[in-house]
Amino acid sequence: MHDYFKNQFETVIVGARCAGAATALHLARGGQRVLLIDRDQPGTDTLSTHALMRLGVSLLDQAGVLPEIILAGTPAVRRTVFNYGGDRLPVEIAPSGRAKGLYAPRRMVLDGLLVDAARAAGATVAFGTELDAVVHGAAGRIVGVVLRGPDGTKRPLRCDRVVGADGRQSAVAKAANAAVHRQGANMTACVYTYVDAPQAAEYEWLFGPQAMAGLIPTNDGKACAFACVQPGVLRQTFAGDPYRALREIFARCGANPSLLPDAPAERLRRFVGAPGHMRQAWGPGWALVGDAGYFKDPATAHGLTDALRDARLLADAMLTGTETALEDYQTIRDDLSVDFFETTDRIASLDWSLDEVKALHLRLHALMRAEQDAILGRAQALVA
């Protein structure tokens, strides 16, 4: 039996990936008694582009986690290249704070370091533990959970709030009947793998006829290589030799033939696609963060930055302790996300000309700048 079953926690967070671990870190540093659970074991990987944008890197720097990510051998990305059918547009990344550029850590690195930081701040962490049910009290408020421990034993646990950080198909969202306020019309299907690329030092985004691809430097001298197509052609596109097909999509998007090696370093994995959504972010005794509350197509590789942003916003609201603060969490999240969501959905259609997708990227750049100014300016105001 684990001691956490006997303790009283103010918050139980379901899901110890990026969003859940970052929320636990901020809440624990704010003095809350937090239990962070995950059904997986520590150190596992998950499907991801890994790319962090400037805001995500800045939030990790503020949280004190970025130095550990750098020490783990995560390379600094000093340039982003947009390649439109062979027309390369480089964008230099200026250093900021302790960051020498952007970073794209493997998920076992990023998620693990955030969990370690949350535990060091006082959060209780339980892997191999999953949510079996939520407990409803008066007027339907969620007042606790039933957890299934590593030995299969079920235990009830009271808490003030349950936070769902458990992904697109969130069990917490389902139990809370969280309404979907917005849903995407388009989605891509993607193939991911890792290649040996010890000299890679830039994000490479490639666009071509009804396809897009990318190469993202990460840990251990590898880069994440991915290609996106429309879901209806995923199976036929990657039948036979899927890595050869991935290389052909890179070539279709204007990549230099030497950009990818002859063979992958790890197995290929597929994401068949899922429509984006924006759900109600909170309610009586519950809240959602990360993909559980807001998911958009990976075409713009902004999911990890969203997760870190919303973890900070939610934790600040919960530490304030009022429903008005939670209403503000929802409002700020949506205000910063709706245009980004719609622009991403348009890119995910893969039905654009190269000139049009260039214009969409300029729109995204402006939205990211506004988001960064809003979040970092807000953080400075809270500290002051």
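Source: prediction; values computed, not measured.

Peer 1: Any chance you could explain the overall build of the protein chain here in plain terms?
Peer 2: A tally of regular secondary structure across the protein chain gives 10 helices and 18 strands. Each of the three principal axes of the protein chain carries a C-alpha extent, and together these read 60 × 45 × 40 Å. Looking at the 384 residues of the protein chain, the share that counts as buried comes to 54%. The contacts in the protein chain between residues at least 6 apart in sequence include a share of 72% that link residues at least 24 apart. As presented, the protein chain carries roughly 15900 Å² of accessible surface, and 49% of it is formed by carbon and sulfur atoms. For the protein chain, the distance from the average position of its 41 positive side-chain charges to the average position of its 42 negative side-chain charges is 3 Å.

Peer 1: I keep staring at the sheet that holds strand β9 (residues 180-183) and nothing clicks. Help me out?
Peer 2: Strands in a sheet are paired, the pairing made by backbone hydrogen bonds, and the direction either parallel or antiparallel. Taken in spatial order, the 3 strands make up an open sheet running β9-β15-β18, and their pairing is antiparallel. Strand pairing shows two members of the sheet lacking a second neighbour, β9 and β18 (294-295), which therefore form its edges. Here 2 bridges tie strand β15 (residues 277-279) to β18, and the two strands are oriented antiparallel to one another. Bridged to His277 within β18 is Phe295. Strands β9, β15 and β18 of the sheet are contacted by helix α9 (residues 323-348), whose axis makes an angle of about 170° with β15.

Definitions and cut-offs
Per chain, residue numbering runs from 1 following the sequence as it is written. Predicted model: local features are reported for residues with pLDDT of at least 70 only, side-chain atom pairs are reported and counted for 80 or more only, and whole-chain, interface and lining totals are derived from all residues. Hydrogen atoms and water are omitted, and side-chain values are computed over all heavy atoms in the structure. Secondary structure elements are defined from DSSP: runs of H or I of at least 4 residues count as helices, runs of E of at least 2 residues count as strands, and each element is numbered from the N terminus. For every residue, the accessible area (1.4 Å probe, protein chains only) is compared with the maximum for its type, and the residue is labelled buried under 20%, exposed over 50%, or partly exposed between those bounds. A contact between two residues is defined here by any heavy atoms of the two lying within 4.5 Å. Note on areas: these come from Shrake-Rupley sampling with a 1.4 Å probe, and a residue is covered only by the protein chains present in the view. In this tally, Asp and Glu contribute negative charge and Lys and Arg positive charge; neither His nor the terminal groups of the chain are included. By convention, charge coordinates are those of NZ in Lys, CZ in Arg, CG in Asp, or CD in Glu. Here, a strand pair is defined by DSSP locating no fewer than two bridges between the strands. For every element, the axis is a line fit to its C-alpha atoms; helices are fit only across the contacting stretch, and the angle between N-to-C directions ranges from 0 to 180 degrees.

Shape is all these values report; function is a separate question.
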